[in-house]
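Residue-level structure breakdown
Spelled out, the chains give:
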Amino acid sequence: MARLVGALMAGAAAVSAALPVAAQAPGAPNEMVGVWRMVSATLEGADGVEQPYGAQPQGMLVFTPDMHFVEVLTAGDTPRFASDVRGGGTDAENRRAMASSIGFFGTYHVDAQGRFAGNRVEGATFPNWVGAERTTRDLQLRVEGDRMYETFTRPDGGRLSAVFERARPAGVAVSDPETPAE
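About the cut-offs
Residues numbered from 1 in each chain as written. Predicted model: local features only at pLDDT ≥ 70, side-chain atom pairs only at ≥ 80, totals over all residues. Heavy atoms only, no water. pLDDT = per-residue confidence, 0-100. Helix = DSSP H or I, 4+ residues; strand = E, 2+ residues; numbered from the N terminus. Contact = heavy atoms within 4.5 Å. Polar contact = N/O pair within 3.5 Å; in protein donor to acceptor, adjacent residues only side chain to side chain. Buried < 20%, exposed > 50% of the residue type's maximum accessible area, 1.4 Å probe, protein only. Patch = residues over 30% accessible without salt bridge, like charges linked within 9 Å, V, L, I, M, F, W, Y side chains within 5 Å. Areas by Shrake-Rupley, 256 points an atom, 1.4 Å probe, with all protein chains shown as cover. Salt bridge = Lys/Arg side-chain N within 4 Å of Asp/Glu carboxyl O.

Focus on the confidence of the model for the protein
On average, the protein scores 83 in pLDDT, and the residues at 70 or more come to 77%. Confidence scores differ between elements of the protein, with helix H1 (residues 2–18) showing the lowest mean pLDDT of 34 and strand S6 (residues 116–124) the highest of 98. Within the model, the stretch residues 174–182 combines pLDDT values under 50 with 1 contact to residues more than four positions away or in other chains.

A few points about the environment of Asp 111
Following the sequence through the fold, Asp 111 ends up in the loop between strand S5 (101–110) and S6. Within the local environment of Asp 111, its side chain forms a polar contact with the backbone nitrogen of Gln 113, the two atoms lying 3.0 Å apart.

Focus: the side chain of Asn 119
With respect to the element layout, Asn 119 can be found in strand S6. Judged by its relative accessible area of 5%, Asn 119 falls in the buried class. In this view, Asn 119 contacts Phe 69, Thr 107, Tyr 108, His 109, Ala 132, Glu 133, Arg 134 and Leu 139; residues no more than four positions away in its chain are not counted.

Some words on a nonpolar patch on the surface
A cluster of nonpolar side chains, contributed by Val 70, Val 72 and Phe 105, occupies part of the molecular surface with about 230 Å² of accessible area. One can find Val 70 in strand S4 (residues 68–75). Overall, Val 70 belongs to the partly exposed group, its relative accessible area being 35%.

See the structure below:
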């Protein structure tokens, strides 16, 4: 029995070592942690460049210290449903809302320098994404100061580029290194 338990534990350790881990070593850097608001987004595809979330995109991306994330992106100019009832939209209203928004969540991991290294989608408003494992081959997130740059290559070959800014709590001043203090 002890041999069986030992063999099972060794096998589990070998399998888990090969999988992305949703945990991070204590004290390791993680430049992703925080709340990020979308500033802009473009989608480059076979038909040219478009703004998938409209001229006034709204979005939030949250990375927690315990290696979870949630991302919700919407078009800020999406018209309200005439019925004012969620689930009560017309076919056209539902189509527009689905085409101009996405929400999903899951776990992520970072490399030894604290940079984004991949994620796993656990739930999404687009069910085809559930269970997706994304590596830096198709999803890159790069942090430069208080800006994050996302590039995502979609399965159809389209390339989404988005810019996020780190959100500040209300009442917290943001210092500008270009502007001298008064």
